[in-house]
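If you want the building blocks of each chain, they are given just below.
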Amino acid sequence: NVVDNLLTLKIFFDNHKNIMKTIDENILKTTKEIVVKFIEMGRLSPSSIHESFKDIYATISQTVKAHDSDFEITQPSSDRDKK
């Protein structure tokens, strides 16, 4: 039925949007932790944070999102059981 298919698509895209938001938040958090650790270890100067942060963020983001297709997004079990 068309309505069911549209509802399934909406649920899929809503779930995907939430997952991507969580991934982006984790990328930002990981980048921050790496930058702080590099500063603590003396491998990064606080004066060069701006460029280094962008580079580290881009590297992590590219790595994570390159493997995004490895993860399968499925419907919640309650939605699968209805079919």
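All chains use their own residue numbering, which begins from 1 and follows the written sequence. For a predicted model such as this one, the threshold for reporting local features is a pLDDT of at least 70, and the threshold for listing and counting side-chain atom pairs is 80 or more; totals across whole chains, interfaces and linings nevertheless cover every residue. Side-chain measures were taken over the full set of non-hydrogen atoms in the model, leaving aside hydrogen atoms and water.

## What about the overall build of the protein chain?
Each helix and strand counted, the protein chain has 3 helices and 0 strands in total. Partitioning the intrachain contacts of the protein chain with sequence separation of at least 6 by distance along the chain shows that 67% fall at a separation of at least 24. Element-wise, carbon and sulfur atoms account for 59% of the exposed surface of the protein chain, whose accessible area totals about 6700 Å². Per the convention used, a helix needs a DSSP run of H or I reaching at least four residues, while a strand needs a run of E reaching at least two, with both numbered from the N terminus. Here, residues are in contact when the closest pair of their heavy atoms is within 4.5 Å. Areas reported here follow the Shrake-Rupley algorithm with a probe of radius 1.4 Å; residue values treat only the protein chains shown as occluding.

## Describing the nonpolar core
If you look at the biggest cluster of nonpolar residues, it comprises 7 residues: Met20, Ile23, Ile27, Val35, Leu44, Ile56 and Ile60. Looking at this core, the elements that each hand over two or more residues are helix H1 (2-41) and helix H2 (49-66). With 4 residues, the top contributor of residues to this core is H1. Residues enter a nonpolar core if they are buried and are Ala, Val, Leu, Ile, Met, Phe, Trp, Tyr or Cys, with the set joined through side-chain atoms within 4.5 Å. A 1.4 Å probe rolled over the protein chains alone gives each residue an accessible area, and that area as a share of the maximum for its type sets the label: buried under 20%, exposed over 50%, partly exposed in between.

## What to know about the environment of Ile39
You can see Ile39 is positioned in helix H1. Note on Ile39: relative accessible area 28%, which makes it partly exposed. For Ile39 and Ile49, which are 10 residues apart along the polypeptide, the C-alpha to C-alpha distance reads 8.9 Å. When sequence neighbours within four positions are dropped, the list of residues in contact with Ile39 reads Leu44, Pro46 and Ile49.

## A short note on H1
With 40 residues, H1 should cover 58 Å at 1.5 Å per step; its first-to-last C-alpha distance of 58 Å lies within 8% of that length. Taken together, the buried positions of H1 are occupied by Met20, Ile23, Ile27, Thr31 and Val35. Tucked inside the fold, the buried residues of H1 contact H2. Taken from the residues just after H1, Gly42 is the one with a positive phi, measuring 80 degrees. The length a helix should cover is 1.5 Å for every residue beyond the first.

## A short note on the confidence of the model for the protein chain
Note: pLDDT gives the predictor's confidence per residue, expressed from 0 to 100. Of the residues in the protein chain, 81% reach a pLDDT of 70 or more, and the chain-wide mean stands at 81. Here helix H3 (residues 77-81) stands out as the element of the protein chain with the lowest mean pLDDT, 51, in contrast to H2, whose mean of 91 is the highest.

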